[in-house]
Each structure stands twice: as structure tokens, then as C-alpha cells.
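Structural overview for review
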Protein chains: 2
Amino acid sequence: MATGSRKATLHDVAKCAHVSVASVSNYLNDYPYMRPSTRERIQKAIDELGYVTNQQARNLRSGRTGLISLSLPDLNQIYFAELAEETIKQAREYGYRVIIESTGNDRQREIDSARAMASNMTDGLILSPTQLRTEDIPELEGDYPLVMLGERLFGAPAPHVVMANETAAQAATEHLLKAGCRTIAVVGGTLDDSVPSSRSMRTKGYVNALVDRGQSVRSELIRETGEWTSAEGAQAVRNMYAQGIRPDGIFALNDLLAMGVISQLREMRVRIPESVRVVGFDDIDEAKYTIPSLTTVDPGRATIAKLAIESILSQLKNGARAPRSRIDVAFQLKYRASSPQV
Amino acid sequence: MATGSRKATLHDVAKCAHVSVASVSNYLNDYPYMRPSTRERIQKAIDELGYVTNQQARNLRSGRTGLISLSLPDLNQIYFAELAEETIKQAREYGYRVIIESTGNDRQREIDSARAMASNMTDGLILSPTQLRTEDIPELEGDYPLVMLGERLFGAPAPHVVMANETAAQAATEHLLKAGCRTIAVVGGTLDDSVPSSRSMRTKGYVNALVDRGQSVRSELIRETGEWTSAEGAQAVRNMYAQGIRPDGIFALNDLLAMGVISQLREMRVRIPESVRVVGFDDIDEAKYTIPSLTTVDPGRATIAKLAIESILSQLKNGARAPRSRIDVAFQLKYRASSPQV
DNA sequence: GTGAAAGCGCTAACAC
DNA sequence: GTGTTAGCGCTTTCAC
């Protein structure tokens with residue numbers, strides 16, 4: 001490596017190796033038809049000058065950046081942090097890097113994520129909105145690669161990768177039913193389905209499972225909560241018991257709620273799973289470490305990330321936005337100690 | 001917005017507005033000396049053509065990208081996810097976006113993060129390594145803006161923003177002492193300080209506090225753990241009690257451990273804080289929601305992110321890497337129910 | 001105040 | 001096989 005005063009360019013390398021810039025460029029891009037001796041001279045010059053390709057110039061020329069935008073509500077929510085981690089990992093497999101936008105559940109920032117795509121800074125956008133409304137769909141028009149995530153804006157003009165909220169919740173509930181539970185509470189649930197959301201979809205799955213078994217849906221077993229935190233999960237259990245409700249199964253709509261549920265039940269000396277089975281949703285890392293460890297729904301985070309990245313790259317290859325479509329991701333029930341498989 | 005066949009360029013706008021490209025460029029960059037009528041014509045043309053500046057071209061010309069790399073071990077670790085969130089937020093304040101590299105505690109990937117800087121893709125690097133060794137320091141030479149984070153590689157040729165692991169741990173322990181605790185266990189601690197780490201620094205702080213009070217350090221109160229998970233925290237408490245050790249204060253070296261500690265104590269009907277006070281470290285979001293809520297050390301995550309970003313930007317402005325330096329960030333004890341202020 | 005022109009460093013035709 | 005050249009879309013002197 002040279003005592004670089006200024007950064008070496010293709011031009012410098014060409015001069016140093018006594019070849020043309022085209023040859024150097026070819027060399028860098030693995031052009032096959034090239035005399036070995038030329039190759040060597042070029043490589044030597046590169047080493048000597050400590051040359052590194054300037055990505056920006058390459059980007060301008062090629063129209064690609066090797067960057068993908070991932071727009072999420074909030075990395076403080078474990079689910080999204082873990083999704084981001086998976087997405088970064090997947091992108092790296094293909095030589096891509098990820099810019100993360102955190103929108104903080106702000107509609108304008110969600111729109112801005114889309115608008116930023118017009119400036120060519122990244123090769124594609126993976127967007128997980130929570131506030132966008134149907135009227136915002138025009139903001140998503142464009143020819144850049146786009147993949148939608150989450151429960152909103154199914155009308156968006158792009159592929160939409162969705163987790164199986166409803167069927168997974170149904171399977172979780174069926175598991176409890178099959179294990180003999182007859183009084184299954186759903187913590188975090190709601191019967192309000194005016195706005196599609198994880199909350200409403202998962203509750204619907206729960207209801208479906210009961211109905212399929214000919215069981216009645218008891219509204220006192222549907223425990224609404226505010227935020228999905230462990231404190232709310234614990235509170236929900238306390239309230240339920242205070243009202244004399246004694247479930248033998250609890251389906252918490254995410255793992256944090258489930259952690260609160262477990263902690264409260266243990267506090268109350270309720271045995272898990274002997275007296276009450278507990279099932280969560282998301283399969284966050286901590287679910288393995290609760291006591292007892294948490295049976296939960298793995299919504300296929302890794303698959304979601306993989307499909308999203310692959311769709312972006314295939315749209316990029318085709319040079320066109322893929323049409324609106326829906327890609328359902330398989331879920332998996334992870335059986336752990338809080339409700340073993342029967 | 002026009003029925004853009006192809007994306008409009010500066011050139012197109014210039015032609016449409018009957019001015020030169022220079023004027024359009026000036027307009028876009030808020031050049032003050034410009035006839036209002038010209039301004040208007042240009043703006044009209046921009047609207048008409050739906051022109052958006054091409055960032056890549058601007059980047060090539062200006063040598064800047066508006067991107068900062070943040071290289072972290074793992075977004076699945078809540079602390080890092082929350083740090084990333086803060087960093088993204090701070091960067092946005094200055095009009096910057098963040099590329100997140102997740103190195104998975106892999107030394108080669110940590111090195112790659114640094115090497116990637118040579119290609120001009122981002123304007124600076126915030127690096128939080130866990131595996132880099134002193135011999136890797138040469139990899140960090142360069143004139144690009146760099147900020148180091150964490151407990152390693154203090155010899156690196158760049159500013160190093162560090163949290164007050166030792167003094168914060170000392171303060172946390174002093175708080176317990178002041179509250180009357182006489183048998184304070186440290187969960188996650190270690191007396192091995194051969195490798196500098198959060199673990200060893202925080203333990204050292206704990207020891208300092210005891211020594212300052214003239215108390216002896218009892219090795220059976222230093223409870224080593226494997227990973228810092230809540231399961232390990234709970235296990236540590238069980239082991240301790242099984243050995244007949246009855247602490248009246250527990251300092252857990254991070255919040256996940258503390259959550260396990262709390263959950264196990266409640267299980268055992270030990271009253272918090274009456275019988276045992278519990279203090280954690282990190283102030284993750286969940287710490288507010290444990291039951292009882294967790295007294296913990298806020299290591300100044302927001303400040304760390306802010307200082308890191310600001311240092312990157314100031315290095316950028318100065319056109320040179322800032323010299324090696326150490327920037328200590330103030331911590332704050334967050335008093336909550338698990339150990340109220342005395 | 002505004003315009004002409006020279007690149008930033010690279011890639012991709014196309015010529016030889 | 002290798003070289004020449006024309007830009008990618010923008011910013012920035014420097015004339016006028």
C-alpha cells in the first residue's frame with residue numbers, strides 16, 4: 001500500500017500498470033478474456049497504490065447501490081429488532097447492506113420512507129407500516145422494488161409478505177384445546193376488528209378454534225390490554241382472578257404478555273402447565289429462557305426476511321416492480337415447558 | 001408531476017425552465033442571489049416534471065453520502081437494539097441515515113466493517129467491537145470519521161465513547177449500601193479481569209463500593225453466570241439460596257438477569273424490596289414493566305448515540321479523523337420499586 | 001444574476 | 001485481448 005497522498009483511482013492504476021482503464025475495470029469485474037500477465041500487472045498496481053474502488057462512482061454508473069431500506073416502526077420492540085437482525089443477515093448473503101428507518105409509528109415518516117426511494121439512494125424498500133391509510137397507497141406507486149410487511153395496506157401495489165396471524169393463533173388455541181383446556185383466556189385480545197391488526201387477527205384465530213370445536217366464545221375470557229408489555233400481561237391475570245375467573249389455558253398474543261402472565265401465575269402459586277397452560281406468540285429470544293420456558297408461535301421471522309430480500313432482488317433483476325400479491329409465511333408452534341405437546 | 005417516461009434530470013428541468021443547469025443547481029442549494037422570477041420558473045418546472053435529485057450523482061460529486069455505518073454485535077440483544085434506535089434517531093436530526101452492520105461477535109466481520117469504509121460508501125463508522133484485538137488496531141487506521149464504542153480497543157486511533165460501567169456499578173452498589181443492605185450479591189459478576197468487559201468493569205465497581213465502606217468482598221456473593229439471560233438470573237438466585245446464602249441486596253449486571261432474579265424471588269415469596277432490594281443495569285424498556293418495577297442504571301444510551309453521531313459529523317466537517325480520546329458518558333440511577341431511593 | 005464547461009470515478013459500447 | 005471514448009447527474013469555478 002502506497003503512502004497515498006490522495007486516493008488512487010482506476011486511472012492511476014491503469015497508468016501504473018501500463019494498461020487502459022477499461023482493462024482495469026474489466027479485471028475488477030472478472031472479465032474472463034484477459035492475458036494472465038496483464039492480470040498480474042494490474043493486481044500488482046492495485047496493491048502498490050492501495051487502490052479501492054469508489055462505490056459512489058460505481059453506483060452512479062450502474063444505477064445500483066447495494067443498499068436496501070428497511071422501514072420499521074420501532075427497534076425497541078423486540079420483534080422488530082429481531083426481524084431487522086434477520087433481514088440484515090439475509091441481505092448480507094446476497095452482498096447487500098441495509099439502511100434501517102425507524103418510523104416511530106409516525107404516518108408522515110412512513111410516507112417519507114417511500115418518498116425517499118425516488119432519490120435512488122437504495123435499491124429497494126421493505127416497508128412495515130402501522131399508520132398508513134388506504135388513501136396513502138398512491139405514495140407507494142413507483143417502479144422501484146418494494147415489499148410490504150405487516151397487516152396493513154393489502155391494497156398496495158407490491159408483494160406483501162404476511163405472517164399467518166390468524167391460522168397460527170388458531171393452531172395455538174387448538175393445541176390448548178387438544179391438551180384438554182376448556183377455559184382458555186386470550187390475553188391482549190379484542191373483539192374489535194374494525195382495524196386489521198395483529199391483535200384482531202390473532203383474536204380471530206382464537207375464536208375460530210373455539211367455534212370449530214363447538215365451544216362458545218366467552219367475552220370475559222378475552223382480556224384486552226394496553227401496550228403489549230409483561231406488566232400488562234401480569235395485570236390481566238390479576239384482574240381475571242380477582243373476578244373469579246379461573247382459566248386452565250392462557251393464550252397471550254405476544255411473548256412479552258406471556259412473560260407477565262407466567263410471572264404472575266408463578267407468584268400466585270399456580271402451576272404451569274399442570275393447572276394452567278400458557279402459550280405466547282412471536283418466539284422472541286427470551287421465550288427460551290422464561291421459567292418455565294414458553295411454548296409459543298414462531299411466525300417465521302427468518303422466512304419473512306428471506307422472502308422479502310429475495311423479492312426485492314428479483315424485482316431488481318427484472319427491472320420492474322412486482323405486481324400486488326400476497327405471500328403467506330408458514331408458522332411453527334414451538335413446544336416448550338409452559339405447554340408441552342400432547 | 002409529469003407522465004415521466006424516464007426520470008427527469010437537472011438538465012431537463014433547466015431546459016423546461018429556460019435556464020442553465022447551474023441555476024437549477026443553485027436554486028436547489030438555496031443560492032441566495034437569484035431573481036425571484038427565475039426561482040419561480042424553476043420551481044414550476046420541477047413540479048411539472050416531478051423532478052427529484054439523484055442522490056448518487058450528488059454523492060459522487062460531493063464525496064458525501066449522508067450515510068453513517070453502525071456496526072454492532074447483535075440486534076437481538078436488547079441493549080444494542082435500543083442503542084441502534086437512538087442512533088438512528090440522532091442521525092435523523094442531522095439529516096443522516098444509518099446502515100446497520102450486525103457482526104454476530106465475529107472478528108472478521110468486525111474487521112470487514114472497518115475495511116468497507118475504504119470504499120466511500122458511508123461518511124463515517126461507529127464501531128462497537130467485541131472480538132477485535134490489539135493487533136487489529138492497524139485495520140482502523142484511516143482518515144474517515146470513526147467513533148469507537150464499548151470496552152475494547154481503547155488504543156484505537158479515534159474518539160472512544162464509553163459508558164461509566166465501573167462508577168455506575170459502584171453507585172448502584174452504594175445505593176444498596178446506603179439503603180442498609182449488608183449482604184449484597186452481584187449476579188453475573190466475575191473476579192476475572194484478564195479481559196476488559198462490561199462484566200469485569202461492573203464487578204469492579206461493585207467491589208470498589210464495598211471496599212470504600214470497609215466491607216469485605218465475599219466471593220460467595222459474586223455469582224458468575226453464562227449468558228446474561230433471565231433464566232441465568234433466576235438460576236443464580238436458586239443456587240445462592242440452595243447454598244444457604246441470604247442476600248438483602250442483589251445487584252444484577254444487566255436488566256435481563258435482574259428480571260430473572262425478581263421473578264425467582266417472587267416465586268420464593270421473598271419480598272422486594274422489603275427483604276431483598278434488586279438493582280439492574282441498562283434501563284431497557286422492559287425495566288419499567290417488571291413487577292415490581294426495576295431500579296436500574298441508565299447508562300446514558302441516548303447520550304452515547306448523540307455524542308457518537310456528533311463526533312462523526314464534526315470529524316466530517318474538519319475533514320479529518322479526530323485523534324484518540326476517551327469520552328465518558330454520565331450515567332443515572334433510575335429509582336423504581338425494586339429498590340426505592342433512600 | 002446567470003451560463004458554459006470541466007470534471008467526480010466508474011462502466012459499457014465499440015473499435016482495433 | 002486491449003484501448004478509446006462517451007457519458008451516469010450533479011456541483012462548482014469562472015466568465016460575462
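As named in an unreviewed UniProt entry, chain A is LacI family DNA-binding transcriptional regulator, taken from Bifidobacterium colobi.

**Regarding the protein's contact with DNA strand D**
The immediate surroundings of DNA strand D are formed by 24 residues, with Thr38(A), Arg61(A), Leu10(B), Tyr51(B) and Arg61(B) found nearest. Here the atoms of DNA strand D within 4 Å of the protein split so that 64% fall in sugar or phosphate, with bases taking the remainder. Contact distances for DNA strand D include 2.3 Å between a phosphate oxygen and a side-chain N or O atom of Thr38(A). A distance of 2.6 Å separates a phosphate oxygen of DNA strand D from a polar side-chain atom of Arg58(B). Elements with a minimum of two residues in the surface near DNA strand D: helix 2 (21–28) and helix 4 (55–62) of chain A together with helix 2 (21–28) and helix 4 (55–62) of chain B.

**Describing the protein's contact with DNA strand C**
Close to DNA strand C lie 23 residues, the nearest being Leu10(A), Tyr51(A), Arg58(A), Arg61(A) and Thr38(B). Of what DNA strand C places within 4 Å of the protein, 68% of the atoms are sugar or phosphate. Residue Ser20(B) places a main-chain N or O atom 2.8 Å away from a phosphate oxygen belonging to DNA strand C. One nitrogen or oxygen atom from the side chain of Ser23(B) is found 2.9 Å from a phosphate oxygen belonging to DNA strand C.

**Some remarks on the side chain of Ser102(B)**
In this structure, Ser102(B) sits in strand 2 (residues 97–102). Reaching out from Ser102(B), the side chain makes a polar contact with the side chain of Glu85(A) at a distance of 2.7 Å.

**What about the packing of helix 1 (residues 10–17) of chain B against helix 3 (residues 36–49) of chain B?**
All names here are of chain B. Relative to each other, helix 1 and helix 3 sit at 125°, their axes nearing to 9 Å. In terms of axis orientation, helix 1 runs oblique to helix 3. Here the hand of the crossing between helix 1 and helix 3 comes out right-handed. Every residue of helix 3 that contacts helix 1 at Asp12, Val13, Cys16 and Ala17 is listed here: Arg41, Ile42, Ala45, Ile46, Glu48 and Leu49. Here the residues of the contact of helix 1 with helix 3 are counted per class, giving seven nonpolar, no polar and three charged.

**Topic: the environment of Thr122(A)**
All names here are of chain A. Mapped onto the fold, Thr122 is located in the loop between helix 6 (107–116) and strand 3 (124–127). Sequence separation between Thr122 and Pro145 is 23 residues; the distance between their C-alpha atoms is 9.7 Å. What Thr122 contacts, discounting residues up to four positions off in sequence, is Thr65, Leu67, Ile68, Ser69, Ile99 and Met117.

**A few points about empty space enclosed by the protein**
Empty space left among the atoms is revealed by rolling a probe the size of a water molecule over them. Considering all chains together, one arrives at four cavities of 30 Å³ or more under this definition. What lines the largest cavity is a set of 24 residues, among which Met259(A), Gly260(A), Ser263(A), Met259(B) and Ser263(B) lie closest to the centre. Among the elements of the structure, helix 9 (230–242) and helix 10 (255–267) of chain A together with helix 9 (230–242) and helix 10 (255–267) of chain B are those that each provide at least two residues to the lining of the largest cavity. The volume enclosed by the second largest cavity comes to roughly 70 Å³. Lining the second largest cavity are Gln56(A), Asn59(A), Thr65(A), Leu67(A), Met121(A), Gln56(B), Asn59(B), Thr65(B), Leu67(B) and Met121(B).

**Examining the pattern of salt bridges**
One pass over the structure, following the stated rule, counts 28 salt bridges over all chains. Glu220(B) is the partner of Arg218(B) in a salt bridge, and the nearest nitrogen-oxygen pair spans 2.9 Å. With relative accessibility at 32%, the residue Glu220(B) sits in the partly exposed group. A salt bridge links Arg271(B) to Glu274(B); the nearest nitrogen and oxygen atoms lie 3.4 Å apart. Judged on exposure class, the residue Arg271(B) and its partner Glu274(B) are both exposed. Through salt bridges that share partners, Arg107(A), Arg133(A), Glu135(A) and Asp136(A) make up one connected network.

**Things to note about the relation of the copies chain A and chain B**
When chain A is fitted onto chain B, the two copies agree to an RMSD of 0.1 Å after a turn of 180° and an axial shift of 0.0 Å. A rotation of that kind, with that shift, is consistent with a two-fold axis. Ranked by how close their C-alpha atoms come to the rotation axis, the residues of chain A are headed by Ile99(A), at 2.1 Å. Residue by residue, 100% of the interface of chain A is reproduced at the interface of chain B, so both copies engage with the same surface.

**Structural notes on the interface of chain A and chain B**
Contact with chain A, which involves 52 residues of that partner, is made by 52 residues of chain B. Carbon and sulfur atoms supply 51% of the area buried between chain A and chain B, which totals about 4,900 Å² over both sides. Considering only the surface of chain A that becomes buried against chain B, Gln56(A), Arg97(A) and Met121(A) emerge as the three largest contributors, covering 15% of it. There are 24 residue pairs in polar contact (both at pLDDT 80 or more) connecting chain A and chain B. Elements supplying a minimum of two residues to the side of chain A that touches chain B: helix 4, strand 1 (67–72), helix 5 (78–93), strand 2 (97–102), helix 6, helix 9 and helix 10 of chain A.

**As for the nonpolar core**
Within the largest apolar cluster, 136 residues are counted, with the highest numbers of intra-cluster contacts made by Ile100(A), Phe251(A), Leu265(A), Ile100(B), Phe251(B) and Leu265(B). Non-local contacts of Ile100(A), meaning those with residues more than four positions away in its chain, are made with Leu70(A), Leu75(A), Ala84(A), Ile88(A), Leu75(B), Ile88(B), Val98(B) and Ile100(B).

**Quick notes on unusual backbone geometry**
Look at the link from Ile272(A) to Pro273(A): it is a cis peptide, with omega at 5°. Here Pro273(A) lies in the loop between helix 10 and strand 9 (277–281). Following Ile291(B), the chain continues into Pro292(B) via a peptide bond in cis, with omega recorded as -5°. Within the secondary structure, Pro292(B) is located in the loop between strand 9 (277–281) and strand 10 (295–298). With a phi angle near 70°, Asn120(A) is a residue other than glycine that sits in the positive phi range. Tracing the backbone shows Asn120(A) in the loop between helix 6 and strand 3. Phi is positive for Leu153(A), which is not a glycine, with a value near 60°. Here Leu153(A) is to be found in the loop between strand 4 (146–149) and strand 5 (159–163).

Definitions and limits used
Residues numbered from 1 in each chain as written. Chains lettered and ligands numbered in written order. Predicted model: local features only at pLDDT ≥ 70, side-chain atom pairs only at ≥ 80, totals over all residues. Heavy atoms only, no water. Near = heavy atom within 4 Å. Polar contact = N/O pair within 3.5 Å; in protein donor to acceptor, adjacent residues only side chain to side chain. Helix = DSSP H or I, 4+ residues; strand = E, 2+ residues; numbered from the N terminus. Axes fitted to C-alpha atoms, helices over the stretch in contact; angles between N-to-C directions. Parallel < 35°, antiparallel > 145°, perpendicular 65-115°, else oblique. Left-handed = near helix turned anticlockwise from the far one by under 90°. Contact = heavy atoms within 4.5 Å. Nonpolar A, V, L, I, M, F, W, Y, C, P; charged D, E, K, R; others polar. 1 Å grid on protein atoms, 1.4 Å probe; cavity = no way out; pocket = protein on both sides within 12 Å on 5 of 7 lines; lining within 4 Å. Points joined across faces, edges and corners; volume = space filled by probe spheres on them. Salt bridge = Lys/Arg side-chain N within 4 Å of Asp/Glu carboxyl O. Buried < 20%, exposed > 50% of the residue type's maximum accessible area, 1.4 Å probe, protein only. Least-squares fit on C-alpha atoms with pLDDT ≥ 70 in both. Buried area = accessible area lost by both parts, 1.4 Å probe. Core = buried A, V, L, I, M, F, W, Y, C linked by side-chain atoms within 4.5 Å.

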